[in-house]
Amino acid sequence: MYFGKQKRNTNDRIPPNQNVTTSFPVLHHGNVPNYRELSSWNLKLFGEIKEKEIIFSFKDLMNLPQIDVQNDIHCVTGWSKLDNIWTGISVRELIKKVNLNKEVKFVILHAEEGWTTNLPIEDFLKETSVLAHSHNKKPLTPEHGYPIRAVVPHLYFWKSAKWLRGIEFTSQNEPGFWERNGYHMYGDPWKEERFSWD
Ligand SMILES: Nc1nc2c(c(=O)[nH]1)N[C@H]1C(S)=C(S)[C@@H](COP(=O)(O)O)O[C@H]1N2
Ligand SMILES: [Mo]
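Just so we're clear, the structure is a prediction, and the values are computed from it rather than from any experiment. (Residues numbered from 1 in each chain as written. Chains lettered and ligands numbered in written order. Predicted model: local features only at pLDDT ≥ 70, side-chain atom pairs only at ≥ 80, totals over all residues. Heavy atoms only, no water.)

Caption draft 1: Spatial organisation of the overall build of the protein. Along the protein, the regular secondary structure elements total four helices and 11 strands. For 198 residues, the compact-globule formula gives about 16 Å, and the C-alpha radius of gyration of the protein, at 16 Å, lands near that figure. Projecting the C-alpha coordinates of the protein onto the three principal axes gives extents of approximately 45 × 35 × 35 Å. Here the protein, with 198 residues, has 51% of them falling under the buried criterion. Within the protein, counting contacts between residues at least 6 apart in sequence, those at least 24 apart form 67% of the total. (Helix = DSSP H or I, 4+ residues; strand = E, 2+ residues; numbered from the N terminus. Rg over C-alpha atoms; globule rule 2.2 N^0.38 Å. Buried < 20%, exposed > 50% of the residue type's maximum accessible area, 1.4 Å probe, protein only. Contact = heavy atoms within 4.5 Å.)

Caption draft 2: Just the packing of aromatic side chains, in detail. In this structure the tally under the stated criterion is 11 aromatic pairs. Judged by centre distance (6.4 Å) and plane angle (75 degrees), the rings of phenylalanine 24 and tryptophan 86 are edge-to-face. In this pair, phenylalanine 24 sits in the loop between β1 (19-20) and β2 (42-47) while tryptophan 86 sits in strand β5 (residues 79-90), placing the two residues 62 residues apart along the sequence. The two residues phenylalanine 24 and tryptophan 86 agree in class, both being buried. (Phe/Tyr/Trp six-rings, centres within 6.5 Å; stacked < 30°, edge-to-face > 60°.)

Caption draft 3: Region of interest: the pattern of salt bridges. All chains considered together, the criterion is met by eight salt bridges. Residue aspartate 72 pairs with arginine 13 through a salt bridge whose shortest N-O separation is 2.7 Å. Placement of the pair is aspartate 72 in strand β4 (residues 66-74) and arginine 13 in the segment before β1, with a sequence separation of 59 residues. Residue arginine 13 is classed as buried on the basis of its relative accessible area, which comes to 8%. (Salt bridge = Lys/Arg side-chain N within 4 Å of Asp/Glu carboxyl O.)

Caption draft 4: Layout of unusual backbone geometry. The linkage connecting tyrosine 146 with the following residue, proline 147, adopts the cis geometry, with an omega of 5 degrees. Relative to the elements of secondary structure, proline 147 occurs in the loop between β9 (138-139) and β10 (149-151). Phi at glutamate 113 is positive, roughly 65 degrees, even though this residue is not glycine. For lysine 137, which is not glycine, the phi dihedral falls at a positive 75 degrees. The topology assignment puts lysine 137 in the loop between β8 (130-135) and β9.

Caption draft 5: Looking closely at the sheet that holds β2. The sheet built from five strands is open, its strands ordered β3-β2-β11-β6-β7 with mixed pairing. Each edge of the open sheet carries a strand with a single partner, namely β3 (53-57) and β7 (116-120). Averaged over all adjacent pairs, the angle separating strand axes in this sheet is 15 degrees, with direction ignored. Taken together, the five bridges between strand β6 (residues 106-111) and β7 define a ladder with antiparallel strand orientation. Its bridge partner being in β7, valine 107 is matched across the sheet by leucine 119. (Pairing = 2+ DSSP bridges. Axes fitted to C-alpha atoms, helices over the stretch in contact; angles between N-to-C directions.)

Caption draft 6: Spotlight on the site of ligand 1. Near ligand 1 lie 18 residues; those nearest to it are Pro25, His29, His144, Arg149 and Lys162. In the model, an oxygen atom of ligand 1 is placed 2.6 Å from a nitrogen or oxygen of the histidine 144 side chain. Within the side chain of arginine 149, an N or O atom sits 2.7 Å from an oxygen atom of ligand 1. Protein contacts shield 99% of the accessible area of ligand 1, which totals 530 Å² for the unbound molecule. (Near = heavy atom within 4 Å. Polar contact = N/O pair within 3.5 Å; in protein donor to acceptor, adjacent residues only side chain to side chain. Areas by Shrake-Rupley, 256 points an atom, 1.4 Å probe, with all protein chains shown as cover.)

Below you can see the structure in the form of structure tokens.
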């Protein structure tokens with residue numbers, strides 16, 4: 001599946017003040033988790049949902065329908081990487097397992113070490129959003145988010161939480177880690193929404 005902008009030429013695919021790289025930079029705050037095995041790993045869905053919380057083991061997640069999505073990613077520090085193929089669980093499939101309360105308007109993605117990021121639920125539910133376990137057909141390396149990372153490619157890449165452990169559904173837009181430190185609450189690369197004052 002290609003959900004990207006294949007009809008546009010390469011230049012039209014690069015948001016303002018971004019430079020294309022063919023490498024895959026590693027960028028994060030904190031430590032890379034070291035998982036020996038995944039038996040105690042889980043993903044918790046919680047917040048304003050009827051079930052209060054739903055816990056998926058790694059195996060539960062891998063039994064959900066898998067998709068491939070191809071897209072471009074844009075880091076707020078100025079690099080863009082084109083034509084990534086991510087394989088994982090479609091967020092739209094995952095969400096079918098949850099009964100959201102009517103007031104839910106946002107999600108907070110929770111990663112290891114308490115790192116968080118916030119985004120509107122409709123952005124998270126786009127058909128391009130995926131909980132990826134593989135990049136370009138290879139399992140994610142520890143630095144890039146093994147075993148599962150979010151990929152929300154139409155927003156700056158800081159919204160794509162590596163080492164995802166929780167998805168919280170909220171009615172209020174609460175800033176995550178970088179958002180509390182001056183980054184934009186939304187982060188549209190086409191509008192250059194880098195910092196809170198942009
Ligand atoms: N858990 C976690 N996820 C994170 C970050 C982080 O600090 N912690 N940094 C974000 C930022 S700023 C970017 S640009 C991308 C980088 O992903 P990469 O290292 O796979 O290129 O991860 C995002 N996801
Ligand atoms: Mo970033």
